[in-house]
Every structure is written in C-alpha cells, then in structure tokens.
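Chain by chain, the residues run as shown.
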Amino acid sequence: MPYIALPPDLPGIRGAMAFRPETARPLNALVEVLLTGPSTLSRGERELIATYVSSRNCTHYCHSIHGAIAAAHLGGNEAVVKQVKTDFTQAEISPKLKALLVIAGKVQQDGKLVTSADVEAARREGATDLEIHDTVLIAAAFCMYNRYVDGLGTDQPDDDALYRERGRRVARDGYVTVSEEYLASHAGAAHG
Amino acid sequence: MPHIALPEGLPGISAGFAFRPETAKPMRELAHILLHEPSTLSLGERELIATYVSSRNCTQFCVASHGAAAANHLGSSVTVEAVKSDFQTAPISAKLKALLRIAAKVQQDGKHVNVDDIQAACDEGATDLEIHDTVLIAAAFCMYNRYVDGLGTWQPTDPAMYAQMGKHLAEQGYRTSSIRQQSSIESNAPASSMVPSL
C-alpha cells in the first residue's frame, strides 16, 4: 500500500510517475538515453547493470522488470540474468562486463569506493571512457530509481509473468513510448 | 584525478555534464523541476533537503554548491550549517524536520521509510506532493552524489567558487551551467582554460 495517493492500478515506478508527470519526463528520458540509446555496450549488457544494482538494493520491482527486459534482449536467457543477480563472477558474460559490474557494485554502495585499479581493470578488458562513464551513471541512476520506488511504498507485485510480458514490450518499444500510455491516462494525478 | 578523461578545469558534476551532454540534459531538467520550479515547499527548504542528503553521502562538491544555493535563498548560511550538523535543533519548521527524517531514511534505503514517518509529516501539514518530492529529491541526490564521486571528479574547496555557483543556482536554476567560464567563446578556448572564475 503506497504511502501517498498514487494511482491504484499502476505498480512500481509507474504509479509514482503517473502521480507526477513533470518529473516522470526527465526520469524516463534519462533511462532511455542510458539503456536504449546508441552505445558500444549492448542493450542486454546495460540492462544487466541496471538489474544487478537494483538487486543489490533489494528493490523487487526494479530488479524484476529490468531482469525481464535484459532477458528479452538476450534471447530469453533468464538463466544468465539470475546468475548475474546471485554471483556475476560465475555468469556467462564477458570479462569486460564483469569488470564494469565491479565498478557498478561499488557505486551502488558509495561512489568514493571506486578506485583507479577498478577502472584500470575495466580498461584492460577493453572498456572505453564512455562505457565506464555510463556504467557509473547507470549504477547511480538506479540508486535513485530504487529509492524512489521503495521510499513511496509502491506496489511491487510478485508475478513473474507480469514482468516477463512487460519486459518484452519495453525491450521492443523503449521507455518513453511505453510511459506515454500511463502518463496520458493519469495526467496530473498529483494535482487532481 | 578523475577516473576517465573528463574536460579539464570543470569541477564536480559540471565535468560529467560536459563529457556526456545527452545524459546531462534530463539530469539538469530533473533538478530544475525539483528544486527551482514552483512548489509549496520554498526554494530554500528544497535546497536544504538536497544539501542534507549530500552531506550524509559525504559528497563535498554537492554539499558546498547546494548549501550555497540554500544560503542564497535563506539570506545566510546559519541554518544551512545547523541542518548539516543536527537538523533536529535547526531553526526550521516542524514540517521540514519531518520531511528531513524521511529524506534521511531514503538516503540509506527507501525501504526504511514507514507509515509513522509519513503520518508525522502529514501531522505537520505536509501534502502528498511534498512527501513525493522529498522522497524524489533524496533519491535523486543519491544519484548525483554517486555520479560526482564515482567518476572521481575534481571537487575544489574554494568557498568563493561555491558562493558564485550558489548565486547562479538560486537565481537561474539548473537548466544552464552554473560554472562561469573565464575565456569567451570567441577565443575558442580549450576545455582546460574553463576554470571557474571568482
């Protein structure tokens, strides 16, 4: 049960976004650039970073939906998503992504924990400055999204099928397009 | 020394923003709406929430710049310093204290917020929108702070630079850079000469 009067039929961040469309727009624009915009990291890799950080923050809605989006990008490979959540060092992902997840894991705790050795390790596996930048920002941004979803006490359903279905849609259409539906149908809930 | 090749001479988040304008745009817009657009929370109150969260995350650049913006709105830095050291005894409203308690929990983990915290804020007159914005300001500064720290950005300690930034942020908001550039565009100055002028 949310702490404030969020629209009742929208779980997780969607209820919060519909409540306040003004802030929803830049929140969606940021995630769209980071996770779906042009990048030398694949969409699946970026969703895995988002999933991993959300999993470390124990935000059920976010790690479920981004895990589902990641799986959709990775040919339905839910096993690798689960492995990244439990122990990414054993996952079938590239050494570069593992080095980036080390950085993401530190940012999730505190940005000051990232060391030049962490960054060097990522570079040795071929990571570029832009990939390192985006990894830091994806991890930082999910520390925001996760706290937003948890801090408002949003509904976070326990329903794999729901996340799987929605994950496919977001993977196909992107964040901004999908958000337009619920933002339009609940416009200005905060001021109503 | 930044972890990646950020433009030289730009402090804190402005270096990250200059490195990646595509992500800077929504990040600036979010801060502008939360901290500068009309709200039933005053500009000073919202900057105090941002300063407080940044202080708990120990991100010096964000503490100093938002503290300076808050001081600009409030007319002095006395309240800012009081909020940073112990907001319970600071000269602020009971409502803002209740909202800062929520912000403090969000800074640690959003799941720490409970119905009693929300009820306490409501009892002091906080609206749903004010509670929403408090949660999102606190959450957003957990992002901005980690971004600034995680890239290893340059975080100067010069109070005069922050005073100038704080004035810009208080007056203009967040859509444009608060860093004054020494060289004009006509001189085609390289990024390295864009040191903040005092």
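In the block above lies the structure referred to throughout.
Heads up: these notes are all about the structure in this document. Fair warning: this is a prediction, and the values are worked out from it, not measured in the lab.

Cut-offs used in this document
- Residues numbered from 1 in each chain as written.
- Chains lettered and ligands numbered in written order.
- Predicted model: local features only at pLDDT ≥ 70, side-chain atom pairs only at ≥ 80, totals over all residues.
- Helix = DSSP H or I, 4+ residues; strand = E, 2+ residues; numbered from the N terminus.
- Rg over C-alpha atoms; globule rule 2.2 N^0.38 Å.
- Buried ≥ 20, exposed ≤ 12 C-beta atoms within 10 Å, placed from the backbone.
- Contact = placed C-beta atoms within 7 Å.
- Expected span 1.5 Å × (residues − 1).
- Nonpolar A, V, L, I, M, F, W, Y, C, P; charged D, E, K, R; others polar.
- Axes fitted to C-alpha atoms, helices over the stretch in contact; angles between N-to-C directions.
- Left-handed = near helix turned anticlockwise from the far one by under 90°.
- Parallel < 35°, antiparallel > 145°, perpendicular 65-115°, else oblique.

So, the overall build of chain A
Then, number 1: Secondary structure summary: chain A contains 10 helices and 0 strands in total.
Then, number 2: Going residue by residue from the N terminus, the α and β elements of chain A occur as α-α-α-α-α-α-α-α-α-α.
Then, number 3: Computed over C-alpha atoms, the radius of gyration of chain A comes to 16 Å, within 12% of the 16 Å expected from 2.2 N^0.38 for 192 residues, which places it in the range of a compact globule.
Then, number 4: Referenced to the eigenvectors of the C-alpha coordinate spread, the extents of chain A come out at roughly 55 × 35 × 30 Å.
Then, number 5: Looking at chain A as a whole, 55% of its 192 residues are labelled buried.
Then, number 6: Across chain A, every contact between residues at least 6 apart in sequence was considered, and the portion connecting residues at least 24 apart equals 72%.

A closer look at helix 2 (residues 21-35) of chain B
Then, number 1: Taking 1.5 Å as the rise per residue, helix 2 of chain B with 15 residues should run 21 Å; its terminal C-alpha atoms sit 20 Å apart, in good agreement.
Then, number 2: Those residues of helix 2 of chain B lying buried are Thr23(B), Pro26(B), Met27(B), Leu30(B), Ala31(B), Ile33(B), Leu34(B) and Leu35(B).
Then, number 3: Here the buried face of helix 2 of chain B lies against helix 2 (21-36) and helix 8 (129-151) of chain A together with helix 3 (43-56) and helix 8 (128-150) of chain B.

Thoughts on the interface of chain A and chain B
For interface size, the figure often reported is the accessible area lost on association.
Then, number 1: Across the boundary between the two partners, chain A contributes 40 residues, which contact 39 residues of chain B.
Then, number 2: At the level of secondary structure, the elements contributing two or more residues to the side of chain A that touches chain B comprise helix 2, helix 7 (116-124) and helix 8 of chain A.
Then, number 3: For the side of chain A that touches chain B, the element with the highest residue contribution is helix 8 of chain A, accounting for 16 residues.
Then, number 4: The class makeup of the residues in the side of chain A that touches chain B is 25 nonpolar, 8 polar and 7 charged.

Re the environment of Thr157(B)
Then, number 1: Here Thr157(B) is to be found in the loop between helix 8 and helix 9 (159-172).
Then, number 2: In this structure the C-alpha to C-alpha distance between Thr157(B) and Lys105(B), which are 52 residues apart in sequence, comes to 28 Å.

Quick word on the packing of helix 6 (residues 95-109) of chain A against helix 8 of chain A
Residue and element names in this part refer to chain A.
Then, number 1: Viewed as axis vectors pointing N to C, helix 6 and helix 8 meet at an angle of 35 degrees, and their least axial separation amounts to 9 Å. Both helix 6 and helix 8 take part in a crossing whose hand is right-handed. Mapping the contact onto sequence places Leu100, Ile103, Ala104, Val107 and Gln108 in helix 6 and Glu131, Ile132, Thr135, Val136, Ile138, Ala139, Ala140 and Cys143 in helix 8.

What about unusual backbone geometry?
Then, number 1: Backbone geometry at Cys58(A) places phi at a positive 55 degrees, although glycine is not the residue there.
Then, number 2: Mapping Cys58(A) onto the fold places it in the loop between helix 3 (43-56) and helix 4 (60-73).
Then, number 3: Even without being a glycine, Cys58(B) presents a positive backbone phi close to 55 degrees.
Then, number 4: Structurally, Cys58(B) can be placed in the loop between helix 3 and helix 4 (60-74).

Observations regarding the packing of helix 3 of chain A against helix 8 of chain A
Residue and element names in this part refer to chain A.
Then, number 1: Running from N to C, helix 3 and helix 8 cross one another at 45 degrees; their axes reach a closest spacing of 9 Å. Between helix 3 and helix 8, the angle is such that the two are oblique. In the packing of helix 3 onto helix 8, the handedness of the crossing is right-handed. Taken together, the residues of helix 8 that come into contact with helix 3 (itself represented by Arg46, Ile49, Ala50, Val53 and Ser54) are Thr135, Ile138, Ala139, Phe142, Cys143 and Asn146.
Then, number 2: Considered class by class, the residues forming the contact of helix 3 with helix 8 number 7 nonpolar, 3 polar and 1 charged.

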